[in-house]
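# Per-entry structural report
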Amino acid sequence: MKSVKISLQIAQNVKDFVKVVQDYPYEIDLKSDKYVVDAKSILGIFSLDLSKPLTVEIHSDDCDDLIEALKKFA
């Protein structure tokens, strides 16, 4: 499992983020404090506090291409 910190402070960023992660077959979670949601769920993401940095948890060790794609949200 790998983790990346990101920021999704505007709605367009959330939409773009979901488009990126939906193309990958492995499980991806998004954490904010004690809350964890499916990163492929736009409604789940909007239930988080988007004013704070979020942690993306990727349940795969072979995900360097996804980590590269997520750099624009860092």
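Placed above this text is the structure.
We now turn to the structure provided with this report. (Residues numbered from 1 in each chain as written. Predicted model: local features only at pLDDT ≥ 70, side-chain atom pairs only at ≥ 80, totals over all residues. Heavy atoms only, no water.)

## Focus: the side chain of Asp29
- Secondary-structure assignment places Asp29 in strand β2 (residues 28-32).
- Despite its burial, Asp29 remains without a salt bridge, the nearest opposite charge being carried by Lys31 at 8.4 Å.
- At a separation of 2.8 Å, a polar atom in the side chain of Asp29 contacts the side chain of His59.
- Contacts of Asp29, omitting those with residues within four sequence positions, involve Val36, Val37, Asp38, Ala39, Thr55, Val56, Glu57 and His59. (Helix = DSSP H or I, 4+ residues; strand = E, 2+ residues; numbered from the N terminus. Buried < 20%, exposed > 50% of the residue type's maximum accessible area, 1.4 Å probe, protein only. Lys, Arg positive; Asp, Glu negative; His and termini not counted. Salt bridge = Lys/Arg side-chain N within 4 Å of Asp/Glu carboxyl O. Polar contact = N/O pair within 3.5 Å; in protein donor to acceptor, adjacent residues only side chain to side chain. Contact = heavy atoms within 4.5 Å.)

## What to know about the environment of Asp49
- With respect to the helices, strands and loops of the structure, Asp49 is situated in the loop between α2 (42-46) and β4 (54-58).
- What makes Asp49 partly exposed here is its relative accessible area of 33%.
- For the pair Asp49 and Ile28, spaced 21 residues apart in sequence, the C-alpha to C-alpha distance is 18 Å.
- Ignoring sequence-local partners within four residues, the contact set of Asp49 consists of Ser32 and Leu54.
- A polar atom in the side chain of Asp49 sits 2.6 Å from the side chain of Ser51.

## Let's talk about a nonpolar patch on the surface
- On the surface, Ile42, Leu43 and Phe46 cluster together to form a nonpolar patch covering roughly 310 Å² of accessible area.
- Tracing the sequence through the fold places Leu43 in helix α2.
- The exposure class of Leu43 is exposed, given its relative accessible area of 69%. (Patch = residues over 30% accessible without salt bridge, like charges linked within 9 Å, V, L, I, M, F, W, Y side chains within 5 Å. Areas by Shrake-Rupley, 256 points an atom, 1.4 Å probe, with all protein chains shown as cover.)

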